[in-house]
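Each chain is listed here by its residues.
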Amino acid sequence: MPIRQLSETMINQIAAGEVIERPASVVKELVENALDAGASKVEVVTSGGGLNLIRVTDDGSGIPERELALAIARHCTSKLTEDINDIRSLGFRGEALPSIGSVSRLSIRSRTASGDSAAEIGIEGGRVLPVKPAAANRGTTVEVRDLFFATPARLKFMKGERAESSAISDVVKRIAIAFPTVRFTLAGSDRTTLELPATEGSADGSLRRVAQVMGADFPDNSIAIDAMREGVHLTGHVSIPSFTRANALQQYAYVNGRPVRDKLIAGAIRGAFADVLPRDRHAVTVLFLTLDPAIVDVNVHPAKADVRFRDPGLVRGLIVGAIRQALAEAGIRSATTGAAGMMAAFRPGAASYGHGGPTNGHRSYDAAFRASGPTGFDPSRSSQRPLDMQFDGAGFERGNAGTGGFGESDQAAFDAGPLASADARAGQNEATETLLGAVLGAARAQVHENYIVAQTRDSLVIVDQHAAHERLVYEALKNALHSRPVPSQILLLPEIIDLPEEDAERLAMHSETLARFGLGIERFGPGAVAVRETPSMLGETNVGQLVRDLADEIADNDTVETLKERLDKIAATMACHGSVRSGRLLKAEEMNALLRQMEATPGSGTCNHGRPTYIELKLADIERLFGRR
């Protein structure tokens with residue numbers, strides 16, 4: 001077949017295949033155009049998941065009548081100068097409108113601030129219609145009907161109406177976060193109306209816009225990020241470790257105001273939270289990177305969803321370091337959702353009882369019924385007993401009523417019966433004001449041989465002693481591990497590993513860093529490295545697989561985090577086995593010492609596996625449960 005020039009319509013349809021993946025792609029391009037035009041209000045209307053109708057209306061600068069024909073021509077734009085490295089707008093290629101018009105019925109109606117009237121132009125499947133007068137307010141309205149009618153095969157790959165509508169909502173929300181001073185409205189017959197009122201351009205205004213999109217819980221469970229390194233500025237908010245999601249859909253990243261889905265940024269977020277989150281949980285983040293447009297390439301993806309940094313190691317290091325530092329400085333915090341869960345569990349009706357006997361199968365009620373004995377009443381277990389009553393048997397030892405309740409014998413008495421009062425067994429010595437003013441307060445009791453009950457001036461705190469001590473031991477092991485070179489073991493025979501030449505060269509360039517982690521590597525001829533030492537902590541390990549994993553990571557991120565993560569994993573295992581076990585009785589001094597260590601240790605709000613170490617219930621919430629508020 002001879003080489004021939006494709007028609008303009010065919011060229012635009014090919015471009016549409018790259019730029020216009022689904023209705024959400026159309027919405028993204030049109031909303032970005034509205035923002036580049038300086039709009040303060042953007043309204044989006046859809047029907048049929050965006051396949052039947054997409055209408056985007058803005059109050060921006062508008063398009064002069066004489067430029068409407070150029071607006072729908074390929075590679076015509078007002079946003080780009082002669083320097084491709086100085087891109088400061090969301091759009092710049094001039095491909096979106098002609099690409100959309102080649103596969104749909106497109107109309108553009110626009111009026112400038114100085115114009116006496118509006119003008120309209122249309123395209124149907126690539127065929128341009130003449131410009132005609134129209135009535136409109138200042139700004140631009142772009143209407144797209146019958147998307148992909150000119151390429152019916154594309155319709156077979158669309159998802160259902162609900163899925164396409166959801167994708168459009170996600171696009172609008174993702175863009176709206178970066179422009180808090182713009183009012184966004186998303187409506188249509190296929191959705192519930194979404195309204196995002198404009199806020200101020202300040203940090204507080206930006207956080208309010210984030211709350212509009214991500215929910216009111218996020219600001220109360222987030223930490224502010226603000227860091228600068230070598231001209232790259234990182235701002236935003238990340239969730240505390242105990243506030244997570246089951247997927248990464250609520251991780252928003254922006255580069256110079258442009259929403260991106262970049263694997264380097266996603267990997268950096270994952271690495272920053274690696275020590276504090278379970279593998280199946282994800283942090284909630286909103287991060288803004290601001291840097292010189294010359295050191296980031298946004299022209300590497302047809303839909304501009306990916307970017308490429310000149311120095312990816314710098315960006316990754318900034319994100320990881322800033323998040324970890326913020327988590328450390330934030331101290332110990334508990335997610336407000338934990339208290340909400342407790343409130344729901346405690347509310348009347350949360351657990352229903354069938355009748356007064358044990359046959360309803362409820363464990364705690366069953367135990368209480370059996371404990372009451374044949375007479376149904378035991379004075380030693382009565383909630384109305386005086387606190388200084390002494391009994392023989394029934395779990396109480398005769399002794400001095402003034403003794404504190406944290407001794408071993410008192411603790412044993414406390415655990416003897418299922419209905420023993422934790423408050424009574426806590427003793428009668430009030431905690432000092434100093435302890436009550438601490439973040440985790442003063443220890444009052446230990447229940448079920450695993451949970452510490454503490455009191456602050458305005459809350460009740462329940463601590464999982466094993467999970468808390470596990471985190472403390474882990475952090476101590478990590479500090480000892482990374483504060484000096486990792487001990488290594490010399491291999492009897494060096495292991496020679498064949499690699500592609502570029503991988504071998506990358507490993508050789510990082511040999512000094514690897515040596516600090518106990519891995520001794522040197523070049524061994526073309527396309528090979530010799531491993532002479534391995535970290536002692538790893539014991540017997542698959543050296544070849546480790547080196548190949550490191551080579552892959554260096555190629556992707558220019559880091560050697562894989563080795564560090566393996567060492568940290570061993571430290572986590574050691575911490576799990578070396579921490580206070582569930583079932584160990586603790587004295588008051590031990591419990592308070594554990595609470596003070598938690599307050600002084602970064603990341604102690606979760607254990608090594610990402611589970612919360614404590615839950616806090618505010619006094620106001622307790623009073624609501626009892627109808628006092």
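Note that the structure is a prediction, hence the values are computed from the model and not measured.

## Re the layout of surface pockets
Turning to step 1, where the next piece is worked out: Size it by volume and the largest pocket reaches roughly 1100 Å³.
Turning to step 2, where the next piece is worked out: Taken together, 36 residues line the largest pocket, and the ones lying closest to its centre are R270, G271, A274, R279 and E565.
Turning to step 3, where the next piece is worked out: For the lining of the largest pocket, the elements supplying multiple residues, two or more each, are α9 (263-272), β15 (282-283), α10 (312-329), α19 (543-557) and α20 (561-578).
Turning to step 4, where the next piece is worked out: By residue number, the principal contributor to the lining of the largest pocket is α20, which donates 10 residues.
Turning to step 5, where the next piece is worked out: By residue class, the composition of the lining of the largest pocket is 12 nonpolar, nine polar and 15 charged.

## Quick notes on a nonpolar patch on the surface
Turning to step 1, where the next piece is worked out: Where nonpolar side chains cluster on the molecular surface, the patch consists of L6, M10 and I14 and spans about 250 Å² of accessible area.
Turning to step 2, where the next piece is worked out: Structurally, M10 is set in helix α1 (residues 8-19).

## Overview of the sheet that holds strand β20 (residues 451-455)
Turning to step 1, where the next piece is worked out: A sheet is described by the order of its strands in space; here four strands give the open sequence β19-β20-β21-β25, paired in antiparallel fashion. Of all strands in the sheet, those with a lone pairing partner are β19 (442-447) and β25 (614-618), marking the two edges. Going across the sheet, the axis of each strand differs from the next one's by a mean of 20 degrees, ignoring polarity.
Turning to step 2, where the next piece is worked out: With five bridges connecting them, strand β21 (residues 459-464) and β25 associate as antiparallel partners. Looking at the pairing, L460 lines up with L617 of β25.
Turning to step 3, where the next piece is worked out: Docked against the sheet, helix α16 (residues 465-482) engages β19, β20 and β21, running at close to 70 degrees with respect to β21.
Turning to step 4, where the next piece is worked out: Each of β19, β20, β21 and β25 touches helix α21 (residues 588-600); the most contacted strand, β19, lies at about 115 degrees to it.

## With respect to the packing of helix α2 (residues 23-36) against helix α6 (residues 161-178)
Turning to step 1, where the next piece is worked out: Where α2 meets α6, the axes come as close as 8 Å, and the angle between the chain directions of the two elements is 25 degrees. Classified by the angle their axes make, α2 and α6 are roughly parallel. As α2 packs across α6, the resulting crossing turns out to be right-handed. Contacts between α2 and α6 pair P23, A24, V27, K28, V31, E32 and L35 from the former with E164, A167, I168, V171, V172 and I175 from the latter.
Turning to step 2, where the next piece is worked out: Per-class residue counts for the contact of α2 with α6 are 10 nonpolar, no polar and three charged.

## Examining the packing of α16 against α21
Turning to step 1, where the next piece is worked out: Packing of α16 against α21 leaves a shortest axis separation of 10 Å and a crossing angle of 50 degrees. The orientation of α16 with respect to α21, classified from their angle, is oblique. Once α16 is placed against α21, the crossing between them reads as left-handed. Contact residues: α16 offers Q465, A468, H469 and L472, while α21 offers L594, Q597 and M598.
Turning to step 2, where the next piece is worked out: Within the contact of α16 with α21, the residues separate by chemical class into four nonpolar, three polar and no charged.

## Some points on the environment of I100
Turning to step 1, where the next piece is worked out: By the secondary structure assignment, I100 is in helix α4 (residues 96-102).
Turning to step 2, where the next piece is worked out: In this structure the C-alpha to C-alpha distance between I100 and G125, which are 25 residues apart in sequence, comes to 8.7 Å.
Turning to step 3, where the next piece is worked out: Every residue in contact with I100, bar those within four places of it in the chain, is listed here: I20, V26, L30, L106 and V144.

## Points about the environment of T77
Turning to step 1, where the next piece is worked out: Here T77 lies in the loop between α3 (68-71) and α4.
Turning to step 2, where the next piece is worked out: With a relative accessible area of 36%, T77 lands in the partly exposed category.
Turning to step 3, where the next piece is worked out: For T77 and F92, which are 15 residues apart along the polypeptide, the C-alpha to C-alpha distance reads 6.5 Å.
Turning to step 4, where the next piece is worked out: Excluding its chain neighbours within four sequence positions, the residues that come into contact with T77 are F92 and G94.

Criteria and thresholds
- Residues numbered from 1 in each chain as written.
- Predicted model: local features only at pLDDT ≥ 70, side-chain atom pairs only at ≥ 80, totals over all residues.
- Heavy atoms only, no water.
- 1 Å grid on protein atoms, 1.4 Å probe; cavity = no way out; pocket = protein on both sides within 12 Å on 5 of 7 lines; lining within 4 Å.
- Points joined across faces, edges and corners; volume = space filled by probe spheres on them.
- Helix = DSSP H or I, 4+ residues; strand = E, 2+ residues; numbered from the N terminus.
- Nonpolar A, V, L, I, M, F, W, Y, C, P; charged D, E, K, R; others polar.
- Patch = residues over 30% accessible without salt bridge, like charges linked within 9 Å, V, L, I, M, F, W, Y side chains within 5 Å.
- Areas by Shrake-Rupley, 256 points an atom, 1.4 Å probe, with all protein chains shown as cover.
- Salt bridge = Lys/Arg side-chain N within 4 Å of Asp/Glu carboxyl O.
- Pairing = 2+ DSSP bridges.
- Axes fitted to C-alpha atoms, helices over the stretch in contact; angles between N-to-C directions.
- Contact = heavy atoms within 4.5 Å.
- Parallel < 35°, antiparallel > 145°, perpendicular 65-115°, else oblique.
- Left-handed = near helix turned anticlockwise from the far one by under 90°.
- Buried < 20%, exposed > 50% of the residue type's maximum accessible area, 1.4 Å probe, protein only.

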